[in-house]
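Descriptive analysis of the structure
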Amino acid sequence: MTRWNTSHIPDQTGRAVVVTGANSGLGYVTARELARRGARVVLACRSAERGGAALARLRSEVPAAEAEFRPLDLADLASVRQFADDLDDFCGDRLDLLINNAGVMALPQRTTADGFEMQFGTNHLGHFALTGMLLPKLLATPGARIVTVSSMLHALANVDLDDLNSTRSYHRWIAYGRSKSANLLFTHELTRRLAAAGSQIVAAAAHPGYAHTNLQTAGVRMEGRRSVERVVELGNRLIAQSADGGALGTLCAATAPHMRPDAFIGPRNGLRGAPARSFRAPWTLKDDTAARLWTASEELTKVTYDFTVPGA
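Residues numbered from 1 in each chain as written. Predicted model: local features only at pLDDT ≥ 70, side-chain atom pairs only at ≥ 80, totals over all residues. Heavy atoms only, no water.

Among the residues of helix H3 (residues 77-85), Leu77, Ser79, Val80, Phe83 and Ala84 are the ones counted as buried. The arc that holds the buried residues of H3, viewed along the axis, is 155°, so those residues lie on one side. Against the buried residues of H3 lie strand E1 (16-20), strand E2 (40-45), strand E3 (66-71), helix H5 (118-139) and helix H11 (287-301). With a side-chain oxygen positioned 3.0 Å from the backbone nitrogen of Ala78, the residue opening H3 is Asp76. (Buried < 20%, exposed > 50% of the residue type's maximum accessible area, 1.4 Å probe, protein only. Helix = DSSP H or I, 4+ residues; strand = E, 2+ residues; numbered from the N terminus. Arc of directions from axis to C-beta. Contact = heavy atoms within 4.5 Å. Polar contact = N/O pair within 3.5 Å; in protein donor to acceptor, adjacent residues only side chain to side chain.)

Encoded structure:
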């Protein structure tokens, strides 16, 4: 993966792709570059206005793109189910690539439509449910991949299996770290279960390092903390790499040949640069923790995975 960049993305013609949170930042760049290589892409976004604007922008940058917008609110399991149910007219029984990219970061304490802590509910449970609902299509597609976007800030905290929704105490950054550790534990357990079922699907994870997106300012903007927002924006301008650079890890995990299952791909130096295998906290590789989180996630979302290959 030395100096891997978008020129290394193989031809994606005929491949059906879903990218969550594709209206801006990393998700938009990911969708655009896959469309540029010939993939048929669904921009799965919560806001119809922003999703429509992103689609128009993508079509202006890649005139030949086969892309469309579909509404998806990961903080509402009814929306997740509706999205999954409606996807048949896009890709039928097959899906080549699912990019679990959308996320929220360091928000004031909030809950989802289903009563989950917002960061855990959106970043982990929403994607857990979506992946489970789309798994039959992925299992039916040779060469399929599932890429879940985590963060280097997963190292802030492991999941608390006794308080997954942070009801005992809430700290925005600890809750964020827990949700991103959950992304990695999900990928770890998904890899184990796919292998046990004899599936060739590759489940991998990625992170953007420190990339300049609107994610960093969303929480402080919600609280009206303008002075803090200005400091964050200054840091973004001085230190962060672009969204184009930040998306390279996701694109590499999604398309590079011979990607290892359960790989974690991000900038070579941790913050910016070409994709490489990334540091991950030891707790994100704990089989017992991953299995217990999986069981809890099934109970919370009421989504049970079926690893039976369709038609087998």
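Across the interface, H3 lies against H5 with an axial gap of 10 Å and an inter-helix angle of 25°. Regarding the angle of H3 to H5, the classification is roughly parallel. Handedness of the H3/H5 crossing: right-handed. Here Leu77, Val80, Arg81, Phe83 and Ala84 of H3 come into contact with H5, specifically with Gly126, Ala129, Leu130, Met133 and Leu134. Residue classes in the contact of H3 with H5 are distributed as 8 nonpolar, 1 polar and 1 charged. (Axes fitted to C-alpha atoms, helices over the stretch in contact; angles between N-to-C directions. Parallel < 35°, antiparallel > 145°, perpendicular 65-115°, else oblique. Left-handed = near helix turned anticlockwise from the far one by under 90°. Nonpolar A, V, L, I, M, F, W, Y, C, P; charged D, E, K, R; others polar.)

A word on the sheet that holds E1. In spatial order, the strands read E3-E2-E1-E4-E5-E6-E7-E8; together these 8 strands make up an open sheet with mixed pairing. If you trace the sheet from one side to the other, it starts and ends with E3 and strand E8 (275-277), each paired once. For this sheet, the mean angle separating the axes of adjacent strands, direction not counted, is 20°. Note that E1 and E2 share 5 bridges and pair parallel. What sits directly across from Val18, in E2, is Val42. Contacts from helix H2 (residues 48-61) reach E2 and E3, with the element oriented near 175° to E3. In the packing of helix H10 (residues 248-255) onto the sheet, the strands contacted are strand E4 (97-100), strand E5 (145-149), strand E6 (202-206), strand E7 (264-267) and E8, and the crossing angle to E5 comes to about 160°. (Pairing = 2+ DSSP bridges.)

With that settled, consider the environment of His188. In this fold, His188 is placed in helix H6 (residues 172-196). A residue is classified by how much of its surface remains accessible, and His188, at 13% relative accessible area, is buried. Once the C-alpha coordinates of His188 and Ala263 are considered, the two residues, 75 residues apart in sequence, prove to be 8.9 Å apart. Residues contacting His188, with those up to four places away along its chain left out, are Asp262, Arg280, Thr284, Leu285, Lys286, Asp287 and Ala290. Polar side-chain contacts of His188 include one of 2.7 Å to the side chain of Asp287.

Okay, H10 next. Within H10, 8 of the 8 residues are buried, leaving the element largely enclosed by the surrounding structure. Three or more residues of H10 are buried, namely Leu248, Gly249, Thr250, Leu251, Cys252, Ala253, Ala254 and Thr255.

Let's shift gears to the pairing of E2. Among the 6 residues in E2, 5 count as buried, and that is most of the element. Once you follow E1 into helix H1 (residues 25-36) and on to E2, the crossover reads as right-handed. Of the pairings in the sheet, the one linking E2 to E3 comprises 6 bridges and is parallel in character. Directly across from Ala44, in E3, lies its bridge partner Arg70. For the crossover from E2 across H2 to E3, the handedness is right-handed. (Right-handed = clockwise from strand over helix to strand, strands pointing away.)

With that out of the way, let us pick up the environment of Ala67. Among the structural elements, Ala67 can be located in strand E3. Residue Ala67 is classed as buried on the basis of its relative accessible area of 8%. Once the C-alpha coordinates of Ala67 and Ala16 are considered, the two residues, 51 residues apart in sequence, prove to be 9.8 Å apart. Apart from residues lying up to four places away in sequence, Ala67 is in contact with Val41, Leu43, Leu55, Leu58 and Arg59.

Scanning the model with the defined rule gives 13 salt bridges in all. Members of the salt-bridge network, linked through shared partners, are Arg32, Glu33, Arg36, Arg57, Glu61 and Asp244. (Salt bridge = Lys/Arg side-chain N within 4 Å of Asp/Glu carboxyl O.)

Now for unusual backbone geometry. A positive phi is found at Ala106, a non-glycine position, where the angle reads about 50°. Counting through the fold element by element, Ala106 comes out in the loop between E4 and H5. Here the phi dihedral of Asp262 falls at roughly 70°; this positive angle occurs in a residue that is not glycine. Looking at the element boundaries, Asp262 is found in the loop between H10 and E7. Look at Asp262 and you get buried, because its relative accessible area is 13%.

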